[in-house]
Amino acid sequence: MLFAAVVAISVVIAGGHNSLQAASSVGKDTLTMITSPDYPPYEFYDTKGGDRQIVGFDIDIANTLAKELGFKLKVMESDFNGLIPALQANRADFVMAGMTPTPERQKNVDFSIIYYEAKDTIVAPKGSNFKQPKDLSGKKVGVQLGTIQEQNAKKIAEKVTGIQLKQLNKVPEVIQEMKSGRIDAAIVEDTVARGFAQANPELEFNVIPSESASGSAIAFPKNSALVAPFNKVLQQMKDKGELAKLATKWFSVNAKVDAASSSAAKGGLNLDFTRIFPDIPFILKGIPITLLFTLLSVFLGLIWGTVLSLLKITNIKPLTWLANAYTSVFRGTPLLLQLALVYYATPQLTGYDISALQAGVLTFTLNSGAYMSETIRAGIQAVDKGQSEAAMSMGVSYWLMMWDIILPQALKNILPALVNETIGLLKDSALVSTIGVVEILRSAQIVGANKYIYFEPLLFAGLIYYILVMGLTFGASALERRLRQSE
Ligand code: ARG
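How each quantity is defined
Residues numbered from 1 in each chain as written. Predicted model: local features only at pLDDT ≥ 70, side-chain atom pairs only at ≥ 80, totals over all residues. Heavy atoms only, no water. Salt bridge = Lys/Arg side-chain N within 4 Å of Asp/Glu carboxyl O. Helix = DSSP H or I, 4+ residues; strand = E, 2+ residues; numbered from the N terminus. Buried < 20%, exposed > 50% of the residue type's maximum accessible area, 1.4 Å probe, protein only. Pairing = 2+ DSSP bridges. Arc of directions from axis to C-beta. Contact = heavy atoms within 4.5 Å. Near = heavy atom within 4 Å. Polar contact = N/O pair within 3.5 Å; in protein donor to acceptor, adjacent residues only side chain to side chain. Areas by Shrake-Rupley, 256 points an atom, 1.4 Å probe, with all protein chains shown as cover. Nonpolar A, V, L, I, M, F, W, Y, C, P; charged D, E, K, R; others polar. Core = buried A, V, L, I, M, F, W, Y, C linked by side-chain atoms within 4.5 Å.

### Observations regarding the pattern of salt bridges
Counted under the stated rule, the structure contains 14 salt bridges. One salt bridge in this structure joins aspartate 79 and arginine 442, with 3.7 Å as the shortest N-O distance. Of this pair, aspartate 79 sits in the loop between strand 5 (72–77) and helix 3 (83–88) while arginine 442 sits in helix 17 (residues 440–451), and the two are 363 residues apart along the sequence. Both residues of the pair, aspartate 79 and arginine 442, belong to the buried class. A salt bridge links glutamate 150 to lysine 154; its shortest N-O distance comes to 3.4 Å. Taken as a pair, glutamate 150 and lysine 154 lie in helix 5 (residues 148–159) at a separation of 4 residues, close to a single helical turn. By sharing partners, the salt bridges in this structure join Glu77, Asp79, Lys170 and Arg442 into a single network.

Below, the structure is given as structure tokens:
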């Protein structure tokens, strides 16, 4: 376990190294692009055969741009509303995510020229016949959080009465809400809407007339030296018709977006797992990441928890006080919030570009350390007083006594509690999917986004978690039996 943890730690540290390159601006050979691959055909995961590759219209353009300008390209991902923060934290050199320049965004980032013009549509169940904003009066309308569609929907809601907005993180979630009947309509870009309508025959979409065009442009950190060269190459691609060619490749009606055979989606809950068969290897690849993450967090959390517990039982009051305050803060605030803070605030506060995996391990260590410290403290205090009295009367020093006599007995006592904690961490590890670590849950969501389906990949992910937890439980009871025998 110790060895595995050390190996794992070095993997994480080395893995984080790459992303450091993005921190400076030009003067390097690789450009980092960040995108939100929930948006076929602009950007989505090609999950066939299990490799984790982001493909799409934007990716093709980015590759051409990088090649023309003599850079290598690295593609990272986050939720759409994390893209501009990523540029501001210097996590990436540019964003391509079908992103539309808006005055607010322009305050924070620079944009290239527009490379594709899209329009907004109203997506709704067949027969709804929502053609214009005013048809949405009194309806519940879904949009992707942080997008221009959200803004446009807000504008519509100012004019049309009784619209209730519902913002979700990902477009597939918006569509799913509609299929579940929780919203009546959604505002989605035309090319994206077409994909969903193809895969879900019970949906229809209508282009909203006039005003609300959503042209796409590339976003850069403010004053980036890349804007001018990128614009030059983009213009060339426009003039030579290359952009139009790529648009036909990805946006034409029979473009090869992975729209799943549409037969299954006839309303009701008809599950069809055959649709995710080809993507199972992709989901399975999330397992090592989840395990790496859990193992590391448990190991480091145990060390940190032990330190804290020792502080809690010393006679030095200020240390005890500090350890207690620490525990109360980390137990008193949501883990998800701590995770977001560590991931997004670290670069701004320290200048260190912490990778998502590192941020996850750090947060989980800090958090589970707080919980474990209580368990360990109880374990220590449950060790018979006679043990420490005997050690002390023989002149064994305090720390040696702790390390050699008390802690081993305490750990044995609390083994079941530690297994509980590990199971908790294993399942909570799914939270790091929110900052873009592609572990089991996120892999499943990616497959869902790709295939325009929802339940099957999630159910499959649930099965994997369950099997892992079962394995852990059996392993732990075997260990406990051995320990008891050795008594
Ligand atoms: N064009 C819209 C905007 O800029 C939506 C883009 C969403 N992109 C994505 N990759 N999910 O707000």
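Back to the write-up after that little detour.
### Quick look at the sheet that holds strand 4 (residues 53–55)
As summarised here, the arrangement of the 3 strands in space is 2-3-4, forming an open sheet in which the pairing is antiparallel. In the strand order of this sheet, the two ends are held by strand 2 (38–39) and strand 4, each with one partner. By the bridge criterion, 2 bridges tie strand 2 to strand 3 (residues 43–46) in an arrangement that is antiparallel. Residue tyrosine 39 lies in a different strand from strand 3, and its bridge partner there is glutamate 43.

### Examining helix 9 (residues 242–251)
Of the positions making up helix 9, those classed as buried are Leu243, Leu246, Ala247, Trp250 and Phe251. Along helix 9, the residues classed as buried sweep out an arc of 105 degrees about the axis, all on the same side. Where helix 9 is buried, its residues touch strand 3, strand 4, helix 2 (57–69), strand 7 (109–116), helix 7 (190–199) and helix 8 (227–239).

### Considering the site of the ligand
Within the structure, the ligand sits among 15 residues, and Ala97, Gly98, Thr100, Ile148 and Glu189 are positioned closest to it. The contact in question runs from an oxygen atom of the ligand to an N or O atom on the backbone of isoleucine 148, over 2.5 Å. Side-chain polar atom of glutamate 189 to a nitrogen atom of the ligand: 2.6 Å apart, as the coordinates give it. Burial of the ligand by the protein amounts to 100% of the accessible area it has alone, namely 350 Å². At the level of elements, strand 2 and helix 5 are the ones that each hand at least two residues to the shell around the ligand. Here the shell around the ligand is built from residues that sort into 5 nonpolar, 6 polar and 4 charged.

### A short note on the nonpolar core
Counting 70 residues, the largest nonpolar core has Phe57, Ile61, Phe94, Tyr115 and Ile218 as its most contacted members. No other element matches the 7 residues that helix 18 (residues 455–485) contributes to this core. Among all residues touching phenylalanine 57, those that are not within four sequence positions of it are Pro41, Tyr42, Tyr115, Tyr116, Leu243, Leu246, Ala247, Trp250 and Phe251. Residues Leu339, Ile354, Phe364 and Leu425 belong to the second largest nonpolar core, which totals 32 residues.

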